[in-house]
Structures are given as structure tokens and as C-alpha cells.
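Reading the structure
What follows is each chain in one-letter form.
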Amino acid sequence: MKDSSKKKCRCCLKAKPLEQFHRLAGTAAIHPFCRPCLGATVRRRTALRGSQRTLNTRGCAQCGQDLPLQMFHWLRASGSFHSYCRPCHAAYMADRYRRLQGGRKRG
Ligand SMILES: [Zn+2]
Ligand SMILES: [Zn+2]
């Protein structure tokens, strides 16, 4: 039996209640990392900062976390990083896709 009120975190692979996940603003999508994992990603990077000073982070426009640049898609066309982190972007695209599928040829 599926428990739809829980979601499996893509980082720690544990099923957690939905309120443990960051909901993406303006969409029905939910961040694939649970809140503790999202925070841990940042803390891990911060701990590394001593040995790797060149490591840059960027604030995600969706979940608001400061994440390492490798967590963002590089947009070659605009020569900059995407304003959403990869998980947020993936969740956003999945939500958009669902909406396109569901709302096609309506209204
Ligand atoms: Zn997690
Ligand atoms: Zn994000």
C-alpha cells in the first residue's frame, strides 16, 4: 500500500512526511531533498571551505538555500547559472510537465 502523505528523499533515501520537504513557490512541486538534507548540503560545503577557498555558492531563487555551483545548471546561452538549483529545477519541470499533460486542449 502506498502512503501518499510521505515522500522519499532523494538524498538520504528515507520516506518522510511531506511537511519535511520544501514546497516550491507557485507550483505543486516539492523539493526532492528533505529539509535536513538540504541544510546538510550547505553545511558540508561550509565545512570544506577551509581547504577549498575557491568553492562558490549561489542562492537558489526557489528554495532559498545557498548551494554550491555544481548544484546549478550552467546556461551556456546566457553564460550564467540557472537561478534554480538542480533539484528545484527538476521538480519545477516535472510540475510543469504534469500541468501541460493535464491541461492540454482545455479552456
Ligand atoms: Zn533527506
Ligand atoms: Zn533550490
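In this report, we go over the structure that sits alongside the text. (Residues numbered from 1 in each chain as written. Chains lettered and ligands numbered in written order. Predicted model: local features only at pLDDT ≥ 70, side-chain atom pairs only at ≥ 80, totals over all residues. Heavy atoms only, no water.)

**Details of the coordination of the zinc ion (ligand 1)**
Around the zinc ion (ligand 1), the protein contributes the donor atoms Cys9 (SG), Cys12 (SG), Cys34 (SG) and Cys37 (SG), at 2.2 to 2.4 Å from the metal centre. The site at the zinc ion (ligand 1) holds four donor atoms, and with the angles between them running 101 to 121 degrees, its shape is tetrahedral. Going along the chain, you hit the donors of the zinc ion (ligand 1) in the pattern C-x2-C-x21-C-x2-C. Note that Cys9 is positioned in the loop between strand S1 (6-8) and strand S2 (15-17) and Cys34 in strand S4 (residues 30-34), a separation of 25 residues in sequence. Comparing Cys9 with Cys34, the two get one shared label, buried. (Donors = N, O, S within 2.8 Å, 3.2 Å for Na, K, Ca; no water. Tetrahedral: all angles 85-135°; square planar, octahedral: opposite > 155°, others 65-115°. Helix = DSSP H or I, 4+ residues; strand = E, 2+ residues; numbered from the N terminus. Buried < 20%, exposed > 50% of the residue type's maximum accessible area, 1.4 Å probe, protein only.)

**Here we look at the coordination of the zinc ion (ligand 2)**
Distances from the zinc ion (ligand 2) to its protein donors, namely Cys60 (SG), Cys63 (SG), Cys85 (SG) and Cys88 (SG), fall within the range 2.3 to 2.4 Å. For the zinc ion (ligand 2), the four donor atoms in the first shell make angles of 100 to 122 degrees at the metal, a pattern classed as tetrahedral. Counting residues between consecutive donors of the zinc ion (ligand 2) along the chain gives the motif C-x2-C-x21-C-x2-C. Using a relative accessible area of 8% as the deciding quantity, one classes Cys63 as buried.

**Considerations on the side chain of Gln62**
Relative to the helices and strands, Gln62 resides in the loop between strand S5 (57-59) and strand S6 (66-68). With relative accessibility at 9%, the residue Gln62 sits in the buried group. Beyond its immediate sequence surroundings of up to four residues, Gln62 is in contact with His22, Leu24, Ala25, Tyr84 and Cys88. (Contact = heavy atoms within 4.5 Å.)

**A closer look at the pairing of strand S8 (residues 80-85)**
Pairing analysis gives three bridges linking strand S7 (residues 72-75) to S8, with the strands arranged antiparallel. Bridging across to S8, Phe72 finds its partner in Cys85. In sequence, S7 turns back onto S8 through a hairpin of four residues, with Gly79 there showing a positive phi of about 65 degrees. (Pairing = 2+ DSSP bridges.)

**Description of the packing of aromatic side chains**
All chains considered together, the criterion is met by two aromatic pairs. Relative to Phe81, the ring of Trp74 has its centre 4.8 Å away and its plane inclined at 75 degrees; by these criteria the two rings are edge-to-face. Exposure remark for Trp74: the relative accessible area of 48% places this residue in the partly exposed category. An angle of 90 degrees between the planes, with centres 5.6 Å apart, marks the rings of Tyr84 and Tyr92 as edge-to-face. Owing to a relative accessible area of 30%, Tyr92 belongs among the partly exposed residues under this scheme. Of note, Lys7 hangs over the ring of Phe21, and the distance from its end group to the ring centre comes to 5.8 Å. Here Arg58 stacks its cationic end above the ring of Phe72, 5.6 Å away from the centre of that ring. (Phe/Tyr/Trp six-rings, centres within 6.5 Å; stacked < 30°, edge-to-face > 60°. Lys NZ or Arg CZ within 6 Å of the ring centre and 35° of its normal.)

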